[in-house]
Amino acid sequence: MSNDIFVLVEHRDGAVAESAYELLGRARELAAATSGAAVALVAGAAASLLASQLGAASRVIAVEDASLAEFTPAAWQAALAPLIAERQPLLLLVPNSGSGMDVAAGLSAATGLPLAAYAVDVAIAGGSPTVTCQLYAGKINVRVRFDGGRGIATVVAGAFPAAAGQAAGSPAVERVAPAAADARIRFRRLIRPEAGGVDITKESILVSIGRGIGEADNVELAERLAAALGGAVSSSRPVADAGWLPRTRQVGKSGLRVKPKLYLALGISGAPEHLEGMRDAELIVAVNTDAHAPIFGVAHYGAVADILEVMPALTQRLGG
Amino acid sequence: MELVVLVKQVPDLAEELEIDASGTDLAREWMSFVASEWDEYALEEALQLRDEAGGRVTCLALDTGSVDELLATCLARGADRAVKVGAFERGPDSHTAARAFAAALRTLPHDLVLTGVQAIDDLDGQVGPLVATELGLPHVSVVTHIKLAGSAATVHQEYAGGLVAEFEVDLPAVLGVQTSREAPRYAPVSRVRQIMKTAEMEQVDVAVAAGSGLTIEAMSVPETGRAAEMIAGSPGAVADRIAAILRERGIVKA
């Protein structure tokens, strides 16, 4: 048992993911409150080599083995569950990412440690963690405490500033061999998105459409508006899922993070997965038929209206 | 191929959610429920896989006393079998749900278990990996593509930025489905009603420990720190105002 705050570090192509810095920054603050250490937990074939990128950690536990060259949920769970059960950190912070969801829930069931998901804040109160979780598509926050005082939290991207977790230095590394192996899931390949004609991360004006666009034929209304504005069309997940726009235009957790001068959110309700990709835009204008849509919580200007009527009207006002 | 789909209901977000007097729960008295969106993708994938590979689709829902319509809708969409699991006053936390589903699955054949990657109310984590770990099965979440090949499946797991990992997974396995290859098929309401009258839902009793290990201290409506300045009026008036704002800020030429 310890008062340490562990951070599960994600990495790809030899680089530590942004999420690791966001979590390490917070872990340092929490560890100061518990008189514990902020510990970076890294698994991989050459995990210890990443220590030089993890200067904000007090120390690094590198779970190293050739079998961990590529992430699989089974290999990570087999390697990490005995380690977490043995070390009993006060808190394990895991990014709420594609891989983090598998690892955190698997570790919770395997170790018996409780799990608080979709965390947007983590604090220490009375020596143990409290976690604020964002539920119901961002409409309700729930603050929880772990019954045994220890637990795991999956943290949404952008919950904490990355800058606080970026520090020079190369902390001490403890190399550990994985306690067990599980090859029932085998990594085959990584598929990278095909580069499209438009890079939405470089556009300064985005006309972004969501479910409210209704059908494929209406995408043209957004294209015309974008042309009138000198911008590009992006989307939330349902539009990409429907195949109405390429995946390279998708903003959000499973798409891209954008920071344009203007983000017109049209028919986008603003699920947390979408907000984490666009909330830093300089000016956000949202139009949605649902007056309670969470997008209005991050927008600077909002209107409750039908985008199919607003888009052509605005295009016309802009001389398009 | 025995395909099992775990389904549940969640509060309907089309209606306003309210926090009850205790401050630690939603006001549930008048709450209406809908099928969890991602579970519908899981069912659609299961139906597609059965149509390709043959076999049977069995849908499992925890019995909260009000899941007949949910399961009847699964049958109307083409599921072969519907099973109510346990007896619950209301939808339990994910850990309890996972223990109950795992207990039921120990008595039911399953080559591939599919469920939604997440639900809007899974405070204590996602059911897929929890069920898998209870049963000692491999699991993959955020799955966007499934192809069966003998005793394994090829699946895609999605990451940020549109990156996708392709895995080969030994069966049986549990998959958390992010989206289906086609939009979930429609079930006519008349067909659902007819099935509710005529179909016999099976029932599996389970005895499991309840609890997630979390205590809810407080619920709140999130403070966004920024509330949009709302533009009122007709679509034309909204367009006028937005155009004016963009000109004022120099985003478009005056």
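Residues numbered from 1 in each chain as written. Chains lettered and ligands numbered in written order. Predicted model: local features only at pLDDT ≥ 70, side-chain atom pairs only at ≥ 80, totals over all residues. Heavy atoms only, no water.

Draft legend 1. Quick peek at the overall build of chain A. On a plain count of helices and strands, chain A comes out with eight helices and 17 strands. Its C-alpha atoms give chain A a radius of gyration of 22 Å, near enough to 20 Å, the size a compact globule of 320 residues would have. Seen through its principal axes, chain A has C-alpha atoms that stretch 65 × 45 × 35 Å. The buried share of chain A, taken over its 320 residues, is 59%. Counting contacts in chain A only where the partners sit at least 6 residues apart, residues at least 24 apart contribute 63% of the total. For chain A, the exposed surface amounts to about 11,400 Å²; the carbon and sulfur share of it is 49%. Averaged over its 27 positive side-chain charges, chain A has a centre that lies 3 Å from the centre of its 30 negative ones. (Helix = DSSP H or I, 4+ residues; strand = E, 2+ residues; numbered from the N terminus. Rg over C-alpha atoms; globule rule 2.2 N^0.38 Å. Buried < 20%, exposed > 50% of the residue type's maximum accessible area, 1.4 Å probe, protein only. Contact = heavy atoms within 4.5 Å. Areas by Shrake-Rupley, 256 points an atom, 1.4 Å probe, with all protein chains shown as cover. Lys, Arg positive; Asp, Glu negative; His and termini not counted. Charge placed at Lys NZ, Arg CZ, Asp CG, Glu CD.)

Draft legend 2. Molecular detail of the pairing of strand β4 (residues 56-62) of chain B. Residue and element names in this part refer to chain B. Taking burial as the measure, the seven residues of β4 include six buried ones, the bulk of the element. As judged from the six bridges shared by strand β1 (residues 2-7) and β4, these two strands associate in the parallel manner. Within the sheet, the bridge partner assigned to E2 lies in β4 and is R56. Across five bridges, β4 lies against strand β5 (residues 81-85) in parallel orientation. Counterpart to C59 in the pairing with β5 is A82. Once the chain exits β4 it traverses helix α2 (residues 68-77) before rejoining the sheet at β5, and the crossover so formed is right-handed. (Pairing = 2+ DSSP bridges. Right-handed = clockwise from strand over helix to strand, strands pointing away.)

Draft legend 3. Summary view of the sheet that holds strand β6 (residues 112-116) of chain B. One open sheet accounts for ten strands, arranged β12(A)-β9(B)-β8(B)-β7(B)-β10(B)-β6(B)-β1(B)-β4(B)-β5(B)-β11(B); its pairing is mixed. The two strands at the open ends of the sheet, each matched to only one other strand, are β12 (185-191) of chain A together with β11 (202-204) of chain B. Neighbour to neighbour, the strand axes of the sheet diverge by 30° on average, direction disregarded. Here α2 of chain B sits on the sheet in contact with β1, β4 and β5 of chain B, set at roughly 160° to β5 of chain B. (Axes fitted to C-alpha atoms, helices over the stretch in contact; angles between N-to-C directions.)

Draft legend 4. Seen up close, the side chain of R87 of chain A. Residues and elements named next belong to chain A. Along the polypeptide, R87 turns up in helix α2 (residues 73-87). Within polar-contact distance, the side chain of R87 engages the side chain of E86 at 3.4 Å. Those residues within four positions of R87 in sequence are excluded, and the remaining contacts are M1, S2, F6, I61, E174 and V176. (Polar contact = N/O pair within 3.5 Å; in protein donor to acceptor, adjacent residues only side chain to side chain.)

Draft legend 5. Region of interest: the packing of aromatic side chains. Applying the stated rule across the entire model yields two aromatic pairs over all chains. On the numbers, 5.1 Å between centres and 65° between planes, the contact of F71 of chain A with W76 of chain A is edge-to-face. Take F71 of chain A and W76 of chain A: they sit in the same class, and that class is buried. Between F187 of chain A and F167 of chain B the ring centres are 6.4 Å apart and the planes differ by 70°, which places this aromatic pair in the edge-to-face class. Separated into two different chains, F187 of chain A in strand β12 and F167 of chain B in strand β9 (residues 164-170) make up a pair that spans both. In this structure F187 of chain A comes out as partly exposed when scored by relative accessible area, which is 22%. On the accessibility criterion, F167 of chain B (0% relative accessible area) is buried. (Phe/Tyr/Trp six-rings, centres within 6.5 Å; stacked < 30°, edge-to-face > 60°.)

Draft legend 6. Expanded view of the domain arrangement of chain A. Residue and element names in this part refer to chain A. In terms of domain boundaries, chain A breaks down into domain 1 (5-176) and domain 2 (200-317). Measuring from the centre of the C-alpha atoms in domain 1 to the corresponding centre in domain 2 gives 32 Å. In this complex, domain 1 contributes twelve residues to the contact, which on the side of domain 2 involves nine residues. Interface area for domain 1 against domain 2, summed over the two sides, is near 690 Å², with a carbon-plus-sulfur share of 48%. Three residues, A137, K139 and A157, lead the burial of domain 1 against domain 2; their summed loss comes to 51% of the area buried on that side. At the boundary of domain 1 and domain 2, one finds two residue pairs in polar contact (both at pLDDT 80 or more). A per-class count over the side of domain 1 that touches domain 2 returns four nonpolar, five polar and three charged. (Domains from an automatic or database assignment. Buried area = accessible area lost by both parts, 1.4 Å probe. Nonpolar A, V, L, I, M, F, W, Y, C, P; charged D, E, K, R; others polar.)

Draft legend 7. How the structure looks around the interface of chain B and chain A. Tallying the contact residues gives 79 residues for chain B and 79 residues for chain A. Buried surface at the junction of chain B and chain A, summed over both partners, amounts to about 7,000 Å²; 57% is from carbon and sulfur atoms. Taken together, the connections running from chain B to chain A amount to nine salt bridges. A salt bridge links R143 of chain A to E217 of chain B, with the shortest nitrogen-to-oxygen separation between them at 3.0 Å. (Salt bridge = Lys/Arg side-chain N within 4 Å of Asp/Glu carboxyl O.)

Draft legend 8. Just helix α3 (residues 94-105) of chain B, in detail. The end-to-end C-alpha separation of α3 of chain B is 16 Å, in line with the 16 Å expected for twelve residues at 1.5 Å each. What α3 of chain B keeps buried is the set S94, H95, T96, A97, A98, A100, F101, A102, A103, A104 and L105 of chain B. (Expected span 1.5 Å × (residues − 1).)

Draft legend 9. Quick look at the nonpolar core. Ranked by internal contacts, the top residues of the largest apolar core, which has 150 residues, are L41 and L93 of chain A together with L60 and L112 of chain B. In terms of residue count, the dominant contributor to this core is α2 of chain A (eight residues). Leaving out residues up to four positions away in the same chain, L112 of chain B has contacts with E2, L3, V4, L49, I146, L148, L171, A173 and L175 of chain B. Listed in part, the 37 residues of the second largest apolar core include L225 and I307 of chain A together with A239 and L246 of chain B. (Core = buried A, V, L, I, M, F, W, Y, C linked by side-chain atoms within 4.5 Å.)

Draft legend 10. Focus on the side chain of D39 of chain B. All names here are of chain B. Looking at the element boundaries, D39 is found in helix α1 (residues 37-53). Of the side chains with opposite charge, K8 lies nearest to the buried D39, which makes no salt bridge, at 6.7 Å. When near neighbours in sequence (up to four residues on either side) are disregarded, D39 contacts V5, L6, V7, K8, T115 and G116.

Draft legend 11. Up close: the packing of α2 of chain A against helix α3 (residues 98-111) of chain A. Residues and elements named next belong to chain A. Running from amino to carboxyl end, α2 crosses α3 at an angle of 45°, the nearest separation of the two axes being 9 Å. In terms of orientation, α2 and α3 fall into the oblique class. Judged by the sense of rotation from one axis to the other, the crossing of α2 with α3 is right-handed. Judged by residue contacts, P73, W76, Q77, L80, A81, I84 and A85 of α2 engage D102, V103, G106, L107, A110 and T111 from α3. Its residues assigned to classes, the contact of α2 with α3 shows nine nonpolar, three polar and one charged. (Parallel < 35°, antiparallel > 145°, perpendicular 65-115°, else oblique. Left-handed = near helix turned anticlockwise from the far one by under 90°.)

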